[in-house]
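Notes for the structure review
Each chain, written out:
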2 protein chains.
Amino acid sequence: MRGAVIYAPGDIRVEDRPDPTILAPTDAIIRTTATCVCGSDLWPYRGIENVRGPAPMGHEYVGVVERVGSEVRNVAPGDFVVGSFFASDNTCEICRAGYQSRCVNAEPMGAIGTQAQLARIPLADGTLVATPGMPDADLIPGLLTASDVLGTGWFGAVAAEAGPGKTVAVVGDGAVGLLAVLAARQLGAERIVAMSRHADRQALAHEFGATDIVAERGDDGVARIKELTDGLGAHSVVEAVGTQESMMQAVRSTRPGGHVGYVGVSHGVALPGEELFFAEVHLFGGPAPVRRFLPELVDLIWNRKIDPGRVFDLELPLEDAAEGYRRMDERRAVKVLLRP
Amino acid sequence: MRGAVIYAPGDIRVEDRPDPTILAPTDAIIRTTATCVCGSDLWPYRGIENVRGPAPMGHEYVGVVERVGSEVRNVAPGDFVVGSFFASDNTCEICRAGYQSRCVNAEPMGAIGTQAQLARIPLADGTLVATPGMPDADLIPGLLTASDVLGTGWFGAVAAEAGPGKTVAVVGDGAVGLLAVLAARQLGAERIVAMSRHADRQALAHEFGATDIVAERGDDGVARIKELTDGLGAHSVVEAVGTQESMMQAVRSTRPGGHVGYVGVSHGVALPGEELFFAEVHLFGGPAPVRRFLPELVDLIWNRKIDPGRVFDLELPLEDAAEGYRRMDERRAVKVLLRP
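Residues numbered from 1 in each chain as written. Chains lettered and ligands numbered in written order. Predicted model: local features only at pLDDT ≥ 70, side-chain atom pairs only at ≥ 80, totals over all residues. Heavy atoms only, no water.

**Details of the pattern of salt bridges**
All names here are of chain A. Under the convention used in this document: In the sections that follow, a salt bridge refers to a side-chain nitrogen of Lys or Arg positioned within 4 Å of a carboxyl oxygen of Asp or Glu. Counting from the N terminus, the helices are the DSSP runs of H or I reaching at least four residues and the strands are the DSSP runs of E reaching at least two. The classification of residues rests on relative accessible area computed with a 1.4 Å probe and restricted to protein chains. Under 20% of the type maximum is buried, over 50% is exposed, and intermediate values are partly exposed.
As enumerated under the stated definition, the model contains 44 salt bridges over all chains in all. Its salt-bridge partner being E227, residue R224 comes within 2.9 Å of it at the nearest N-O pair. A residue pair is termed a helical-turn pair when its members lie 3 or 4 positions apart in one helix, as R224 and E227 do in helix α8 (residues 218-228) at 3 residues. Since its relative accessible area comes to 25%, R224 is described here as partly exposed. A relative accessible area of 57% places E227 in the exposed class.

**Observations regarding the sheet that holds strand β4 (residues 55-56) of chain B**
The pairing of strands in a sheet comes from backbone hydrogen bonds and takes either a parallel or an antiparallel form. Residues and elements named next belong to chain B. We count it as follows: When DSSP finds two or more bridges between a pair of strands, those strands are recorded as paired.
Spatial ordering of the open sheet is given by β2-β1-β4, a layout of 3 strands whose pairing is antiparallel. At either end of the open sheet lies a strand with only one pairing partner, and these are β2 (11-16) and β4. Bridge count for strand β1 (residues 2-8) against β4 is 2 bridges, and the pairing is antiparallel. Within β4, the residue paired with V5 across the bridge is P56.

**Some details on the UniProt feature "domain: Enoyl reductase (ER)" (unreviewed entry) in chain A**
The condition is simple: UniProt positions are given in the numbering used here, feature names are shortened, and annotations may be inferred rather than shown by experiment.
Annotation from UniProt places "domain: Enoyl reductase (ER)" (unreviewed entry) at residues 10-338 of chain A. As annotated, residues 10-338 of chain A comprises 31% helix and 25% strand, and the C-alpha atoms at either end are separated by 18 Å.

**Here we look at the interface of chain B and chain A**
For clarity, the threshold we go by: In what follows, residue pairs with any heavy atoms lying within 4.5 Å of each other are defined as contacts. By buried area we mean the combined loss of accessible area, with a 1.4 Å probe, across both parts when two parts are placed together. Put simply, Ala, Val, Leu, Ile, Met, Phe, Trp, Tyr, Cys and Pro go in the nonpolar bin, Asp, Glu, Lys and Arg in the charged bin, and everything else, Gly too, in the polar bin.
Each partner contributes to the interface: chain B provides 36 residues, whereas chain A provides 37 residues. In this assembly, chain B packs against chain A so that about 3,200 Å² is buried in total across both faces, 62% of it on carbon and sulfur atoms. It is R102, F277 and E280 of chain B that lose the most area in chain B upon contact with chain A, and together they represent 22% of the buried surface on that side. The tally of links from chain B across to chain A stands at 2 salt bridges. For the salt bridge of E93 of chain B with R255 of chain A, the shortest nitrogen-to-oxygen distance reads 2.8 Å. Mapped by element, the contributors of at least two residues to the side of chain B that touches chain A are α2 (93-96), β15 (254-262), β16 (270-272), α10 (273-279) and β17 (282-285) of chain B. Class assignment of the residues belonging to the side of chain B that touches chain A gives a composition of 22 nonpolar, 9 polar and 5 charged.

**Some details on the relation of the copies chain B and chain A**
In this structure, two copies of a chain are linked by a rotation about an axis accompanied by a shift along it. Where we set the bar: Least-squares superposition of the copies uses the C-alpha atoms of those residues scoring a pLDDT of at least 70 in each of them.
Under the fitted operation, chain B is carried onto chain A by 0.0 Å of movement along the axis and a turn of 180°, and the coordinates agree to an RMSD of 0.0 Å. In symmetry terms, the pair is related by a two-fold rotation axis. An overlap of 100% is found between the interface residues of chain B and their copies at the interface of chain A, pointing to a shared contact surface.

The structure is reproduced here in structure tokens:
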């Protein structure tokens, strides 16, 4: 099969890789209908995360089940499926509490690499959710977002306790931040402030339900959020970047007793304990337990209640994955869908 | 009046201070029946916090109202009252959400200094809770703990979401940690692990409801908590120290999706973002909004359902405040009650 591989920062190649096989009786093999490039793929691409190449890339996927191991019960060949970027058994105590990304048997799909024509899905019964039937072509991008960016933005909004009567601010205008706006709207937030300096992303934020846009960053951004909230700060802030500046912007934009949901993969962040103590804000985040939300998200997309696929502003053949990375790295694309 | 004053690290004196007066119509003046030395008083005493002496000391108090300002409605001269270590209006949006220690008009009682015969209580209607009548002498120590250490331990347990079916670990065996054990018991926790190396404190932890004791600290302490919880970590961990080691011990002792409630005043702590991200634990803490819990705590004490006053293992006249500080600094006393 063909699949994307990183050799070094900036060096993505699509090449022949061995077809995956069933390794455990709980595995499934899927033929990927669509996959994509994630903001978190840019960390190794930019060399901010160590690259031990050649290594397969990609952890987002939708596709059709080709084969299943002997113990797989919930999905069958021919099913169209969506899965999380972490494989999980969905039965352990941590999964049952709703934290499937930290399943005691979790396997990161990024190590398998779903920017490829085929992919092995470990713990298929726990990981995959089948759609009610074969989706119309226009639903594919939306369903693909459920695999990570929508589920992650949703988790950020849930972690920030977005809901009725709340003012929610979103730090970060990448796909995850934009979909956190969509999630906050679905969760019933009263006011949703998207923090973005880019006209195209501001427009999409409005479309997804943002009521206000704040273009300022850092201390100025915090001051604007305070102005919008009687000096108190937002009830809920979603952090969808992962840097020191964005984390502190999130913490400082939140009122005492409010909630920060952080889903940007943390890089080089050190949170000052004393400031955090006196800020008195709830902090929660990490790799999103997308599997918890998948049934609900698939349902919303299937029934055309939400259209998160709008975050894809570029579609390329898998063979052109390198170009997709380049466009996202240079912020010339919000999110790139790849067709194997 | 007589009152304790800090001049420099290690230098506490009891001396004549001016009697307080009504400064605002919302003030009350109380005659303190009892006050005490807090673990947080030791930070300046040890010079870890800057001392700009001479400065009055103390922020815990129970007493009898002597005079009230013209706008005070809820308490009257002769009432026996308990109040929080932060004065709060209890009417602003932050107070109404339950975060009175971050009231938009909050005033720290430590700046006023309650280790004294009299104290001015700002925002008396919002800050003070009157008991149903004059308490029996044996209730005074318990009521005094409600002013801070009990309320703080309680908040830690609430922030850690201690409750039925939960395993709760408590890092720190000072008065706050011990009372977090009591709080976890009252909140219905199934298993309560006190982390303590001192036999007397272990005994008190057992008396307050601890089911297990872990004497190990740091990585060894974390390993013991994991052993006790099928390798997962505790559902709820209360941090009641405030150092880097204790914070990391708390974070690492918590299972994914679990809750850390941190109430030790943070000193020199920097939380590593990447570890926190992948730990996927809820973090919440800060100065306890004691006022939220006061009516319930006063009721529990008044009706002899709990006996938090057991944390006092030494009682001294206010004149001997310096000795009280010394004993706590040298860990020869858990908590010292002072009689003005």
